[in-house]
Each structure stands twice: as structure tokens, then as C-alpha cells.
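# Summary of the model geometry
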Amino acid sequence: MGLFDSLKRDKKTEPKTVKPDEMQESFENDHIDIEEVEVVEREVTPAIEDSRDVKPVMKTYAEKAPVKHVIGQTKVMAIINQKGGVGKSTTAINLSAALGEMGKQVLLVDLDPQGNSSSGLGIEKSEVNNCIYDVLLNEVPIEDVIVPDVCEGLDVAPATINLAGAEVELVSEMARENRLKDAVGSMRGKYDYIFIDCPPSLGLLTVNALVAADKLLIPIQCEFYALEGVTKLLDSMKRVKTRLNPTLDIFGVLLTMYDGRTTLSRQVVDEVRRYFGKTVFETLIPRTVKLSEAPSFGQPITQYDPTGKGSQSYIDLAKEVINRG
């Protein structure tokens, strides 16, 4: 073998240099016609959704379960006290639920911008398209707002933070005091009871509730300042009764947050009974941890703790409400 034979052999095997023109020609020869490619459709298997991530869609009033009894005269009651923290929303939720479980048809109207009655019954306010604000100011029918069958026999007209601006916006509106009365009036004959959970103030929203209601249910807590502000509420009631709603009267006074171990609670009960007489309910609502916990689970006390003393007290109250007619 010669000295240069291996060099000749390596020269034959070294890679051939491709010129740019030749590369372009190669690409053109390798062109594939897309129309000639057969497209095969594959069946896509839908992903399995985790049921825990699927939120139940809120029903509309048109999907409400049929009523199983004949509705008599509808009683419209405003649950009202200008003092905050006395148990208005707690009473609105649990009394409504207790009456519903007793076979009554109940509508709870949340008129408080805080929306505690709505959230306390498990309604996601972020998913509410229209609320009671739209009924008062945008002429939306109340049927389009109602969330039916939140609990057995209980429907809710929810509130959102939009309601906070209603006090100012109602000032320039015509017939501003009658907006809620007109809306609630259309539901008479469809419910046994309509409860209105009022805000802790004496503004236009509360005036609307006073005009719309037949009677008032006044919760009073068994604390030192129990009767503070009640006299102003009674003065407002008298003015509304004289000028706007002649039938308005007190249906009952409810003592809440009662602690029988303290002398103060017993003294407040005696004082309130002496002041209001027979309008005070015999049932006393106790101060319990379960009553405070239930709203965070979106349940009335009759579902959250059905055998507890808080649940029993609201069942007894519901019986008293029915017996008073």
C-alpha cells in the first residue's frame, strides 16, 4: 500500500460540501403537497370533571318547587332595630328556616347592604346577577331576583354591596318610599310570610321597609343598652303610620342573646316585659356558640345544630309566630 493510498481513501469518504443553490433545489424537490396527506380524526375523550370543583347553578324563581298547600293571607314583617348587633339577621335566617320546615312558604328579603342574611344561607353574592338593589332602582321584577328553595319552604331575595348606594340614589327618585312596597305587594298570595331584614339605621331603606310591612318584629338584646334607640324607632314607626302606612304596628318584641346565669340578662327581660307588655314573645333566644357558627357554614341553626338549644328556641319562636296569626 502506498503512502498516499490512505489519504485518497479518506478524501473519498469526507462529507460533500453542499452549495446554497443545490440546497434550495433539494428543498424544492422534497416539497410535500399538504392536500395529499390523509387527515385522520381522533375521538377526543372528554376530561372527567371533579365534582368538588363544580359549583351548583342557582335556580330561578320559574324553577321553584310547587307549593303543597293553599296560601292564605300573606303576612309581611320587618325585622328591625336601628341598633346593630342585636340579632336581626340571625333571627331573620333562623325564624324563616324554622317556619319553612313547619310547612310554611317564606320569602326573606335581605335589605341590609352587608348581605348577612344572604351569605348566612349559603348564597354566593359574587354569583348574583340582580339583587334587591335592582328591584328598588332599576325596575327589575322581584321574581327575577328571588333565589328559590334555599332551604325547605324558604326563598331569598338577596342583597349585595350595590345596595350601599341605594340610600343616596333613592333621594331623587319619585315615590321613593313605596319602591319596596310595590315589589313585595306583587308576591302577596304566594307566601305565608315575607320577612324583611332591615339595615341598622333609620334611612330610606328602613323607611321603605316600614311602608312595605304590615307589622314589626323587634329584636332586643339582653344587654345594658337594650332600650337605647328603640324610642327613636318607635317615633319613626308612628310617623310612618300617620302619613304612609296606617296599618303598621308591632307584631312582637324578641329578646335575644339571653344568658340566664347573669343578673343583668334577667333584669333586662323584666324591664322589656314591663315596657312592651304582651307584645314580648315568651321565647328567649339564648347566647350560644352554635348560633354564631352556623352562618359561616351557610346553614340555619335548624340544620347546623338541630338538637341544640339555639335550634329549639327558634322552633319555639316559629310556633309562637304561627299562633299569633
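I will try to describe carefully the structure that is included in this document. (Residues numbered from 1 in each chain as written. Predicted model: local features only at pLDDT ≥ 70, side-chain atom pairs only at ≥ 80, totals over all residues. Heavy atoms only, no water.)

Turning our eyes to something else, we now look at the pattern of salt bridges. Per the stated rule, a full pass over the model turns up 9 salt bridges. Note that D155 and K64 form a salt bridge whose closest N and O atoms lie 2.9 Å from each other. With D155 in strand β4 (residues 154-157) and K64 in the loop between α2 (20-29) and β1 (75-79), this residue pair connects regions lying 91 residues apart in the sequence. Take D155 and K64: they sit in the same class, and that class is buried. Linking R188 and D214 is a salt bridge whose minimum nitrogen-to-oxygen distance equals 3.0 Å. Here R188 is found in the loop between α7 (179-185) and β5 (193-197), whereas its partner D214 is found in the loop between α8 (204-212) and β6 (215-221), with 26 residues between them in sequence. The class of R188 is partly exposed, set by a relative accessible area of 37%. The network of salt bridges with common partners includes K64, D149 and D155. (Salt bridge = Lys/Arg side-chain N within 4 Å of Asp/Glu carboxyl O. Helix = DSSP H or I, 4+ residues; strand = E, 2+ residues; numbered from the N terminus. Buried < 20%, exposed > 50% of the residue type's maximum accessible area, 1.4 Å probe, protein only.)

The residue K232 is located in helix α9 (residues 230-243) in this model. Of the residues examined, K232 reaches a relative accessible area of 52% and is grouped as exposed. The spacing of K232 and N81 is 151 residues in sequence and 9.7 Å in space, taken between C-alpha atoms. Aside from chain neighbours lying at most four places away, what touches K232 is Q82 and L202. (Contact = heavy atoms within 4.5 Å.)

This part takes up a nonpolar patch on the surface. Together, F224, Y225 and L264 make up a nonpolar patch on the protein surface, roughly 350 Å² of accessible area in all. Following the sequence through the fold, L264 ends up in helix α10 (residues 263-276). (Patch = residues over 30% accessible without salt bridge, like charges linked within 9 Å, V, L, I, M, F, W, Y side chains within 5 Å. Areas by Shrake-Rupley, 256 points an atom, 1.4 Å probe, with all protein chains shown as cover.)

With respect to the helices, strands and loops of the structure, D112 is situated in the loop between β2 (106-110) and α4 (116-119). No salt bridge is formed by the buried D112; the nearest opposite charge belongs to K88, separated by 6.0 Å. (Lys, Arg positive; Asp, Glu negative; His and termini not counted.)

Burial within strand β7 (residues 249-258) is extensive, with 8 of its 10 residues counted as buried. In this fold, β6 hands off to α9, which returns the chain to β7; that crossover is right-handed. Regarding the hand of the β-α-β motif, the stretch spanning β7, α10 and strand β8 (residues 280-286) is right-handed. (Right-handed = clockwise from strand over helix to strand, strands pointing away.)

For the rest of this paragraph, the subject is the sheet that holds β4. Here 8 strands make up an open sheet; going across it, the order is β3-β4-β2-β5-β1-β6-β7-β8 and the pairing mixed. Two strands in the sheet have a free side with no partner beyond their single neighbour: β3 (147-151) and β8. For this sheet, the mean inter-axis angle between neighbouring strands, taken without regard to orientation, is 25 degrees. Pairing of β7 with β8 involves 3 bridges; the strand directions are parallel. Residue Y258 lies in a different strand from β8, and its bridge partner there is P286. Contacts from helix α3 (residues 88-101) reach β1, β2, β4, β5, β6 and β7 within the one sheet, and its direction differs from that of β5 by about 165 degrees. Sitting on the sheet, helix α13 (residues 309-324) touches β1, β5, β7 and β8, and the angle it makes with β8 is about 165 degrees. (Pairing = 2+ DSSP bridges. Axes fitted to C-alpha atoms, helices over the stretch in contact; angles between N-to-C directions.)

Turning our attention to α8. For an α-helix the count is 3.6 residues per turn, leaving residues at separations of three or four pointing the same way. Within α8, 8 of the 9 residues are buried, which leaves it mostly tucked inside the rest of the structure. Turning to α8, its buried residues are L204, L205, T206, N208, A209, L210, V211 and A212.

Following the criterion strictly, the structure yields 5 aromatic pairs and no others. With centroids separated by 6.1 Å and ring planes inclined at 55 degrees, the aromatic side chains of F251 and F281 adopt a geometry described as tilted. Taken together, the residues span a long stretch of sequence, with F251 in strand β7 and F281 in strand β8 at a distance of 30 residues. Directly above the ring of Y193 sits K75, whose terminal nitrogen or CZ lies 5.5 Å from the centroid. (Phe/Tyr/Trp six-rings, centres within 6.5 Å; stacked < 30°, edge-to-face > 60°. Lys NZ or Arg CZ within 6 Å of the ring centre and 35° of its normal.)

It is worth spelling out the pairing of β6 at this point. Of all 7 residues in β6, 6 are buried; the element is thus mostly enclosed. As paired elements, β1 and β6 share 3 bridges and run parallel to each other. In the sheet register, M77 faces β6, and the bridge partner there is K215. Both β6 and β7 contribute to a ladder of 7 bridges, which runs parallel. By the bridge assignment, K215 is partnered in β7 with D249.

Interpretation in functional terms is not warranted from these geometric data alone.
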